[in-house]
Amino acid sequence: MGMSKTNYSVKMAKPSGSLAVSWILIVLCLVIWTVNSIAWTQDFGIDKAESFLDFVEPIILQGEVDIYNSLDTYDEKDYFEAIFWFKRDPNPEQPGNQYKKTYFERRQQAQMRFGEGSVSGTQTQRGKIFLLLGEPDEVIQKRLEREAYFAGFQETWIYRDLNEEFRFHLGAGSIHYRMESQPGQTLVLEQFKQAQVRDRAESYRMEKTTLALPNVGFTKDIENLTLDDRVEIDFTRSYTFFRGDSDRTSVYVSLTFHNASTKGLEVNLTAYDPYENKVIDFKKKIAAVNERLMGFFIVLEPDQYQMVLRIKDRDEREAVDRTFVDVPRIGRLNPAASSIILSSGFDAIPIEGFTLPETFVFEDKFVPPMNSFRHFAGDRITFMQHFYSFATEPNLKFFLDEKPVEARVERFKEVDPKHYQLVASIPIPSKPGTHEIKILRSHSTTSWEASVAHICVAH
């Protein structure tokens with residue numbers, strides 16, 4: 001035993017050079033990792049005991065809380081958290097999230113400046129207002145005296161741009177500031193939270209069934225091209241064009257089913273370019289709801305295609321629809337416009353978002369696209385159009401069945417530089433049947449171009 005102890009002692013006291021370096025590196029790594037972990041936690045004010053809802057309490061909407069609490073799995077909640085920050089990102093196309101970074105920095109400041117005894121600065125009432133709205137433009141402190149005795153202090157935070165102020169009262173002998181209640185204050189704070197949500201369309205919920213992920217490729221089976229037309233399934237289809245990436249055009253394929261099985265459908269869309277002998281397949285399975293539009297995007301090179309749409313349902317019925325489609329070039333250099341998107345109205349985006357593309361979103365509203373008006377009972381038809389690469393607002397003229405019509409412009413805005421978005425409406429035609437809506441646009445005084453859409457009205 002004595003010899004063993006001596007040998008062990010000697011080995012530890014005089015390690016080889018490489019072993020000594022290894023031990024030093026391990027110790028240094030542990031020290032650096034520990035210091036960085038502590039610094040990161042301190043820098044951003046993260047309390048490991050906090051849940052996500054505790055962490056974002058000052059900025060999260062009540063509707064978002066309800067959605068989060070309804071989620072069951074870790075993956076669903078993890079997805080929600082990612083979308084939560086994405087919706088507030090002022091520049092999602094750029095790396096990093098400035099909103100999230102600012103919020104973490106505010107937490108660090110709140111902890112240092114607004115802590116009250118054992119209560120963290122991020123959990124005090126002043127700290128929560130700071131986390132939501134940031135630094136006030138002015139702070140006014142006032143000593144309060146009532147009936148000849150000291151009653152404490154009042155601290156008023158003034159936000160001039162928001163036309164809002166908040167008053168906090170510190171009672172005599174207390175260390176806790178309490179925000180004085182004002183009429184409608186809860187609603188005002190909820191509105192400030194809502195204003196920070198920039199992307200309202202993205203859904204907070206993971207899609208359990210993927211509806212719009214096409215299997216794209218050159219097909220080896222041209223069966224669809226040789227099939228005869230058939231209408232065992234009654235549906236309305238349309239192709240709507242938007243600007244895509246590079247020089248390609250984004251095509252929105254819209255389907256409204258009238259008598260399809262609700263057990264699920266298989267959709268196979270074949271785009272055939274007869275001049276270049278090119279065939280492209282798009283395959284997907286969808287869960288259809290009759291009289292509700294289902295849509296998905298495909299991207300095509302501008303050209304003329306024979307589009308063959310083949311649909312099968314679980315009742316062994318089938319529909320085959322074929323038509324020639326001229327896919328226009330909607331480039332990034334020359335002024336061009338999207339197709340006209342028809343709708344029943346202009347709706348508010350639901351709190352949890354939806355799966356519609358942001359193409360149909362206008363600020364906090366959206367235009368739910370329609371291509372069937374069989375059961376429409378409204379008095380006006382709403383439509384949307386995008387104008388790309390226009391240096392100034394385009395001049396517009398509206399026609400219904402080739403006759404000038406006065407359109408009511410609901411929204412018109414420059415979304416991005418040289419990108420305008422229009423939402424307008426016209427009275428619904430009084431006669432049943434198919435009608436034509438036409439928008440003439442011009443970016444000069446001499447040249448006019450037209451966009452046309454057709455509606456089938458049944459009274």
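Presented here is an overview of the structure given in this document. (Residues numbered from 1 in each chain as written. Predicted model: local features only at pLDDT ≥ 70, side-chain atom pairs only at ≥ 80, totals over all residues. Heavy atoms only, no water.)

**A closer look at the nonpolar core**
Reasoning step 1: Judged by nonpolar contacts, the single largest core of 40 residues is most densely connected at Y239, F257, I298, L300 and M307.
Reasoning step 2: Apart from residues lying up to four places away in sequence, M307 is in contact with Y239, L269, T270, A271, I298, L300, D321, R322, T323 and V325.
Reasoning step 3: Core analysis: the next-biggest nonpolar cluster, separate from the first, contains 33 residues, V56, V65, A110 and L189 among them. (Core = buried A, V, L, I, M, F, W, Y, C linked by side-chain atoms within 4.5 Å. Buried < 20%, exposed > 50% of the residue type's maximum accessible area, 1.4 Å probe, protein only. Contact = heavy atoms within 4.5 Å.)

**Describing a negative patch on the surface**
Reasoning step 1: Taken together, the side chains of E93, E393, E414 and D416 define an acidic patch exposed on the protein surface.
Reasoning step 2: Inspection of the secondary structure assignment puts E393 in the loop between β19 (380-388) and β20 (395-400). (Patch = residues over 30% accessible without salt bridge, like charges linked within 9 Å, V, L, I, M, F, W, Y side chains within 5 Å. Areas by Shrake-Rupley, 256 points an atom, 1.4 Å probe, with all protein chains shown as cover. Salt bridge = Lys/Arg side-chain N within 4 Å of Asp/Glu carboxyl O. Lys, Arg positive; Asp, Glu negative; His and termini not counted. Charge placed at Lys NZ, Arg CZ, Asp CG, Glu CD. Helix = DSSP H or I, 4+ residues; strand = E, 2+ residues; numbered from the N terminus.)

**A short note on the environment of Q421**
Reasoning step 1: You can see Q421 is positioned in strand β23 (residues 419-427).
Reasoning step 2: Note on Q421: relative accessible area 3%, which makes it buried.
Reasoning step 3: With 28 residues separating them in the primary sequence, Q421 and E393 have C-alpha atoms 9.8 Å apart.
Reasoning step 4: In this structure, Q421 is in contact with T359, V361, F362, M384, Q385, H386, R411, F412, K413 and V415, ignoring residues within four places of it in sequence.
Reasoning step 5: Side-chain polar atoms of Q421 contact the backbone oxygen of V361, separated by 3.1 Å. (Polar contact = N/O pair within 3.5 Å; in protein donor to acceptor, adjacent residues only side chain to side chain.)

**With respect to the sheet that holds strand β11 (residues 293-300)**
Reasoning step 1: The strand order across the open sheet formed by 3 strands is β7-β8-β11, and the pairing between neighbours is antiparallel. Each end of this open sheet is capped by a strand with a single partner; those strands are β7 (235-243) and β11. Pairs of neighbouring strands in the sheet enclose a mean axial angle of 20°, with direction left out of account.
Reasoning step 2: In terms of strand pairing, strand β8 (residues 249-257) meets β11 through 8 bridges, oriented antiparallel. Along β11, the bridge assignment pairs Y252 with F297. (Pairing = 2+ DSSP bridges. Axes fitted to C-alpha atoms, helices over the stretch in contact; angles between N-to-C directions.)

**Focus on the pattern of salt bridges**
Reasoning step 1: Here the structure, examined in full by the defined rule, presents 20 salt bridges.
Reasoning step 2: A salt bridge links E135 to R113, with the nearest nitrogen and oxygen atoms 2.9 Å apart. Linking E135 in the loop between α7 (125-133) and β1 (138-146) with R113 in helix α6 (residues 98-113), this pair joins segments that are 22 residues apart in sequence.
Reasoning step 3: With relative accessibility at 39%, the residue R113 sits in the partly exposed group.
Reasoning step 4: Residue K413 pairs with E363 through a salt bridge whose shortest N-O separation is 2.8 Å. Of the two residues, K413 is situated in strand β22 (residues 408-416) and E363 in the loop between β17 (361-362) and β18 (365-366); the sequence distance between them amounts to 50 residues.

**Let's talk about helix α4 (residues 62-70)**
Reasoning step 1: Inspection of α4 places G63, E64, V65, I67 and Y68 among the buried residues, and these make up the whole buried set.
Reasoning step 2: The secondary structure elements touched by the buried residues of α4 are α3 (52-55), α5 (74-86) and α8 (185-195).

**A look at the packing of aromatic side chains**
Reasoning step 1: Summed over the entire model, instances satisfying the criterion amount to 26 aromatic pairs.
Reasoning step 2: Note on W85 and Y103: the rings are 5.9 Å apart at their centroids and 50° apart in plane angle, and the pair reads as tilted. Here Y103 lies in helix α6 and W85 lies in helix α5, a separation of 18 residues in the sequence.
Reasoning step 3: Looking at W85, the relative accessible area reads 7%, which means it is buried.
Reasoning step 4: Note on F114 and W157: the rings are 5.5 Å apart at their centroids and 50° apart in plane angle, and the pair reads as tilted. Placement of the pair is F114 in the loop between α6 and α7 and W157 in strand β2 (residues 149-159), with a sequence separation of 43 residues.
Reasoning step 5: For F114, a relative accessible area of 5% puts it in the buried group. (Phe/Tyr/Trp six-rings, centres within 6.5 Å; stacked < 30°, edge-to-face > 60°.)

**A short note on the sheet that holds β20**
Reasoning step 1: If you walk across this open sheet you meet the 4 strands as β21-β20-β24-β25, and the pairing is antiparallel. Among the strands making up the open sheet, the edge pair consists of β21 (403-404) and β25 (449-457).
Reasoning step 2: Bridge count between strand β24 (residues 433-442) and β25: 9 bridges; the pairing is antiparallel. In the strand pairing of β25, H435 is matched with I455.

Read these as geometric descriptors, not functional statements.
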